[in-house]
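Letter by letter, the chains look like this.
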Amino acid sequence: MTTISVLGLGAMGSALAKAFLKNGYATTVWNRTEAKADALVAQGASKASTIEQAIEASDTLVLCVVTNDVVHAILDEAKDAIQGKTIVNLTNGTPNQARDLAVRATKHHAEYLDGGIMAVPPMIGTEAGYVLYSGPQPVFERLEKTLRALGGTKYVGADAGLAALYDLALLTGMYGQTIGQVQALALIRSAGVEAEGFMRDLLDPWMKAMAAFSTEFAQQVDAGNHTENVVSPLGMQAAAFHNLIDAAGEQGVSADLFKPLQSLLNEAVDQGHDNADLSVLVDLLRR
Ligand code: FVH
């Protein structure tokens, strides 16, 4: 059976270690602040006092710390010990950071999988959450059963940077939605309207209704065809969008979050995309 060391026992690392323990894996844990290991030791984990001990204890090393700079610092401390080990790095980072770590691991004769966690700690070990993985497919396939202890698994390709890219694209969608909600609630609260009822009865159903068009939207992007069956042309939207900015001003709400979108719409109009769908903005951004 795979043996696992989890390095980094913040909110997420602790949840990961707990899930491995629950699934019967021999789990060693290490954290800079040692006391965070105690609850896991009470659940059956072995505590490593040094990074080197943690790495030596197991064949698979799961790293989940605040940033990839810390991952490098951890590997710096135990350069020789990682030879022959499999590193599964679940720390949030960029595609190039993941690629650099993969190169570094290979140089030290270690295997490297990068992962993007699409869950918050309470979702770990449940079907509600999943982890994106990228790196060598045979390594992923060998470890998949073990990694399923954490929840769903989605392998996205051999390029180590892909899991981070997918992760950040998904987070981009999430933050875009959240920013929309934040601006909408700021507007509605400026007139004293209760946020909860507005969200439940109006905003949430409206966003769900609009999401029904998202597959078609993505198909237009893939096809590079943004002008067929357009019901809300970009030129019309660019002209009306100004009302979002002006209304915010009238209500004493900052419109700074939305001004860049007005500029992008204007640019699209300047380039002659008046009759296109908003999907054309994807091409404009990829400059
Ligand atoms: N928690 C979440 O909702 C998200 C969900 C999606 C994935 N993220 C990413 O997971 C990484 C870890 O996040 P976390 O929630 O566990 O974060 P913290 O609770 O703040 O724990 C941070 C750990 O990093 C250790 N650490 C920080 N600096 C150092 C350092 N210089 N040397 C060694 N370890 C360091 C810290 O140790 P300590 O402060 O307890 O001693 C924690 O173990 C992260 O990439 C998220 O983006 C979580």
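Treat the numbers as computed from the prediction; the structure is a model and nothing was measured. (Residues numbered from 1 in each chain as written. Predicted model: local features only at pLDDT ≥ 70, side-chain atom pairs only at ≥ 80, totals over all residues. Heavy atoms only, no water.)

Visitor: Just to check I follow, could you spell out unusual backbone geometry for this structure?
Guide: Both trends apply: most residues other than glycine have a negative phi, and most peptide bonds are in trans. For histidine 109, which is not glycine, the phi dihedral falls at a positive 60°. Position of histidine 109 relative to the elements: it lies in the loop between α5 (95-107) and β6 (111-118). Residue classification places histidine 109 among the exposed positions, given a relative accessible area of 56%. We note that asparagine 229 has phi near 50°; this positive angle belongs to a residue other than glycine. Structurally, asparagine 229 is set in the loop between α9 (214-223) and α10 (234-251). (Helix = DSSP H or I, 4+ residues; strand = E, 2+ residues; numbered from the N terminus. Buried < 20%, exposed > 50% of the residue type's maximum accessible area, 1.4 Å probe, protein only.)

Visitor: What is the right way to look at the pattern of salt bridges in this model?
Guide: Under the counting rule described, the total for this entry stands at 10 salt bridges. Across the pair arginine 148 and glutamate 144 runs a salt bridge whose closest N-O atoms are separated by 3.8 Å. A residue is classified by how much of its surface remains accessible, and arginine 148, at 49% relative accessible area, is partly exposed. Of the charged contacts in the structure, one is a salt bridge between aspartate 256 and lysine 259, with a shortest N-O distance of 3.5 Å. Since its relative accessible area comes to 41%, lysine 259 is described here as partly exposed. In this structure, a network of salt bridges that share partners links the residues Glu34, Asp38 and Lys47. (Salt bridge = Lys/Arg side-chain N within 4 Å of Asp/Glu carboxyl O.)

Visitor: How do you make sense of the environment of methionine 118 when you look at a structure like this?
Guide: Looking at where methionine 118 falls in the secondary structure, it is placed in strand β6. Look at methionine 118 and you get buried, because its relative accessible area is 14%. Separated by 35 residues in sequence, methionine 118 and glutamine 83 have C-alpha atoms that sit 29 Å apart. Those residues within four positions of methionine 118 in sequence are excluded, and the remaining contacts are Met123, Gly129, Tyr130, Leu132, Asp167, Leu170 and Leu171. (Contact = heavy atoms within 4.5 Å.)

Visitor: Would you take a moment to explain helix α6 (residues 137-147) for this structure?
Guide: Residues separated by three or four positions in an α-helix point in the same direction, a consequence of the helix having 3.6 residues per turn. Those residues of α6 lying buried are Val139, Phe140, Leu143, Thr146 and Leu147. The buried residues of α6 occupy one face: seen down the axis, they fall within an arc of 105°. In α6, the exposed residues that point more than 90 degrees away from the buried face are Pro138 and Lys145. (Arc of directions from axis to C-beta.)

Visitor: How do you make sense of the packing of helix α4 (residues 68-77) against α5 when you look at a structure like this?
Guide: To describe two helices that pack against each other, one gives the angle between their axes and the distance between the axes. Two numbers describe how α4 lies on α5: the axes approach to 11 Å, and their chain directions differ by 10°. Classified by the interaxial angle, the pair formed by α4 and α5 is roughly parallel. Judged by residue contacts, Asn68, Val71, His72, Leu75 and Asp76 of α4 engage Gln97, Leu101 and Arg104 from α5. Among the residues making up the contact of α4 with α5, the classes are represented as 3 nonpolar, 3 polar and 2 charged. (Axes fitted to C-alpha atoms, helices over the stretch in contact; angles between N-to-C directions. Parallel < 35°, antiparallel > 145°, perpendicular 65-115°, else oblique. Nonpolar A, V, L, I, M, F, W, Y, C, P; charged D, E, K, R; others polar.)

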